[in-house]
Amino acid sequence: MADQEFEIVIIGGGPGGYTAAIRAAQLGFSVGLVERAELGGVCLNWGCIPTKSLLHAADLYREIGAAAEFGIEVSSPKINLAKMIERSRQVASQLSKGVQHLMRKNAITVIKGEARFVDKNRVCVEREDTNDAYVVADNFIIATGASAKNLPHIQVDHERIWDARSAMTPSFIPQRLLIIGAGAIGVEFASFYATLGANVTLVEMLPQILPAEDAEIAALARQAFKQQGIEVLTETAIDALRMGKENLVATINGAEKEFNAAILSVGVAGNISSLMLDDIGVETDNGFIVVDPFLQTNIRGIYAIGDVAGVPCLAHKASHEAVIAVEAIAGKRPDELNRLHVPGCTYSHPQVASIGLTEEAASALGSIRVGRFPLIANGKAIAINDADGMVKTIFDHSTGELLGAHLIGSGVTEMIQGFAIAMGLETTEAELIETIFPHPTLSEAIHESVLDAFDRAINF
């Protein structure tokens, strides 16, 4: 079979990959996209999107349970787990079909199969249903994402020991659930299953849950989870996990405890094993591809974006990197990615969102000002009966530069974008103080937190 020739070939059709393909097509390049599974990648099909459908269902269940406080009398809600899962799959399917439409709209050739490099300008695409295809290009963008890790002594079996995909499509709600790893994914599943009635034990080896977050915010999250009945164990390891007569038996701090199921959420490694990168000399480090500020590897013409290029493993970071890589290929001299400007969101109850430096990291660089505003002092939060939380802002003491923002509470995953825009525009406290925020909104807590950092808080 003759080689297919393109100017740019993207390997991987997730948020980074399909964004790169569309941007390349917009700039007039001929584009091929290789994808071994569903367009949209893990995020759209098995991660970001379907989990949010499940978490929203849990939120609705919780809110219905509290409806009487608003004067609405309802009978006891019942959980239809199969319907919850069915809807989350329908959402994922709808959006994946939307990506297929975008590929056709932008005249992007999609090649189904798994790619491996033959040399730096040629890739073999192994296909199950037909002969292998070969594609040739001057530029390749690797966007293959990452996969969840196992532990040496704990392996996912998809029956009782689940990874994220298994945890999104369970056949039952465990009465007792063990979650190993308290990053964003582990915390979201803890929140989801606890809301549906599971007795959840959340275990983290590090001193705090949500290790990437500001310590004060992580402590507030831990307190909220404990109040919801989630057992939180930090600086704790699972010594052993085995199948007993009927249930899993975990050894934690020398004691055995039974669980109906466990979720393993201990980090990810880049999907690079099948690419044959060593054969062409692409540099990797600890399971991820090494790239320069414009996402090019050490091999000219080969780029890597998204999870496979390292942390933070976030879809929006991948999409942003996609544009940088394509525009670098086009010679447009894009701005480098500023990793401090990448917001992070955790969709638990309460939600957590952040951007920039933590208080600990900022204070290590010099004198800072810190503002805090509790949502219990926000009128909208009280009105909607969801007033647990806080907005925290961090500024450089001398220049007023916004260094970081950290939020916990209702709606904060939507509010964080205000801080992202502010940091992108290099806004100081002066502009934020003079900005008029609408009333009554949760966003007023942003303003009050800024005011508090400069001893000007009005409502607290």
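For the structure, see preceding data.
In this report, the structure presented in the accompanying data block is examined. (Residues numbered from 1 in each chain as written. Predicted model: local features only at pLDDT ≥ 70, side-chain atom pairs only at ≥ 80, totals over all residues. Heavy atoms only, no water.)

## Focus: the overall build of the chain
Here is step 1 of the chain: Secondary structure summary: the chain contains 14 helices and 24 strands in total.
Here is step 2 of the chain: Computed over the C-alpha atoms, the radius of gyration of the chain is 24 Å, within 12% of the 23 Å expected from 2.2 N^0.38 for a compact globule of 460 residues.
Here is step 3 of the chain: With the principal axes as the frame, the chain shows a C-alpha extent of 70 × 65 × 45 Å.
Here is step 4 of the chain: The buried share among the 460 residues of the chain stands at 50%.
Here is step 5 of the chain: If you take every contact in the chain between residues at least 6 apart in sequence, the share linking residues at least 24 apart comes to 61%. (Helix = DSSP H or I, 4+ residues; strand = E, 2+ residues; numbered from the N terminus. Rg over C-alpha atoms; globule rule 2.2 N^0.38 Å. Buried < 20%, exposed > 50% of the residue type's maximum accessible area, 1.4 Å probe, protein only. Contact = heavy atoms within 4.5 Å.)

## Considering the side chain of Ser96
Here is step 1 of the chain: By the secondary structure assignment, Ser96 is in helix H4 (residues 81-105).
Here is step 2 of the chain: Judged by its relative accessible area of 7%, Ser96 falls in the buried class.
Here is step 3 of the chain: Look past the residues within four positions of Ser96 in its chain and what remains in contact with it is Glu38, Leu39, Leu44 and Asn45.

## Things to note about unusual backbone geometry
Here is step 1 of the chain: Here the amide bond leading from Val311 into Pro312 is cis, since omega sits at -5°, within 30 degrees of zero.
Here is step 2 of the chain: Position of Pro312 among the secondary structure elements: in the loop between strand E19 (302-304) and helix H9 (315-329).
Here is step 3 of the chain: His349 connects to Pro350 through a cis peptide bond whose omega is 5°.
Here is step 4 of the chain: Along the chain, Pro350 falls in the loop between strand E20 (344-346) and strand E21 (351-356).
Here is step 5 of the chain: Of note, Leu210 is a non-glycine position whose phi angle comes to about 45°, a positive value.
Here is step 6 of the chain: The residue Leu210 is located in the loop between strand E10 (199-203) and helix H7 (215-227) in this model.

## Structural notes on the packing of helix H1 (residues 15-26) against H9
Here is step 1 of the chain: In the contact formed by H1 and H9, the axes pass within 8 Å of each other and the chain directions differ by 30°. It follows from the interaxial angle that H1 and H9 lie roughly parallel. Our pair here, H1 against H9, has a crossing hand that is right-handed. Of H9, the residues touching H1 (which contributes Pro15, Gly16, Thr19, Ala20, Arg23 and Ala24) are Ala315, Ala318, Ser319, Ala322, Val323, Val326 and Glu327. (Axes fitted to C-alpha atoms, helices over the stretch in contact; angles between N-to-C directions. Parallel < 35°, antiparallel > 145°, perpendicular 65-115°, else oblique. Left-handed = near helix turned anticlockwise from the far one by under 90°.)

## A short note on the state of the cysteines
Here is step 1 of the chain: Under the counting rule described, the total for this entry stands at one disulfide.
Here is step 2 of the chain: Cys313 forms no disulfide, and the closest cysteine sulfur to it belongs to Cys48, at a distance of 11 Å. (Disulfide = S-S within 2.5 Å.)

## As for the pairing of strand E2 (residues 31-35)
One face of the sheet, then the other: side chains in a regular strand alternate in exactly this way.
Here is step 1 of the chain: Of all five residues that make up E2, five are buried, and the element is covered over most of its length.
Here is step 2 of the chain: Residues Val31, Leu33 and Glu35 of E2 are buried on one face, and the alternating residues Gly32 and Val34, pointing to the opposite face, are buried as well.
Here is step 3 of the chain: Relative to E2, strand E1 (residues 4-11) is paired through four bridges, and the arrangement is parallel. By the bridge assignment, Ile8 is partnered in E2 with Val31.
Here is step 4 of the chain: Taking the sense of rotation as the criterion, the β-α-β connection linking E1, H1 and E2 turns out right-handed.
Here is step 5 of the chain: Looking at chain direction, E2 and strand E3 (residues 109-112) are connected through four bridges and run parallel. Across the sheet, residue Gly32 finds its bridge partner in E3, namely Thr109. (Pairing = 2+ DSSP bridges. Right-handed = clockwise from strand over helix to strand, strands pointing away.)

## Brief notes about the packing of helix H3 (residues 48-65) against helix H6 (residues 184-195)
To describe two helices that pack against each other, one gives the angle between their axes and the distance between the axes.
Here is step 1 of the chain: It is the contact of H3 with H6, at a shortest axis distance of 9 Å, that shows an interaxial angle of 40°. In terms of orientation, H3 lies oblique with respect to H6. When the axes of H3 and H6 are compared, the crossing they make is left-handed. Taking contact as the criterion, the partners of Thr51, Lys52, Leu54, Leu55, Ala58, Tyr61 and Arg62 in H3 are, on H6, Glu188, Phe189, Ser191, Phe192 and Thr195.
Here is step 2 of the chain: Its residues assigned to classes, the contact of H3 with H6 shows six nonpolar, three polar and three charged. (Nonpolar A, V, L, I, M, F, W, Y, C, P; charged D, E, K, R; others polar.)

## What about the packing of aromatic side chains?
Here is step 1 of the chain: Going through the model one piece at a time under the given rule, you end up with seven aromatic pairs.
Here is step 2 of the chain: Ring geometry for Phe189 versus Tyr193: centroids 6.4 Å apart, planes at 40°, classification tilted. Separated by four residues within a single helix, Phe189 and Tyr193 lie in helix H6, roughly one turn from each other. Across the pair, exposure class does not vary: Phe189 and Tyr193 are buried alike.
Here is step 3 of the chain: Through pairs of rings, three or more aromatic residues link up here, namely Trp162, Phe172, Phe189, Phe192 and Tyr193.
Here is step 4 of the chain: Stacked on the ring of Trp46, the Lys or Arg Arg89 has its end atom at 3.7 Å from the ring centre. (Phe/Tyr/Trp six-rings, centres within 6.5 Å; stacked < 30°, edge-to-face > 60°. Lys NZ or Arg CZ within 6 Å of the ring centre and 35° of its normal.)

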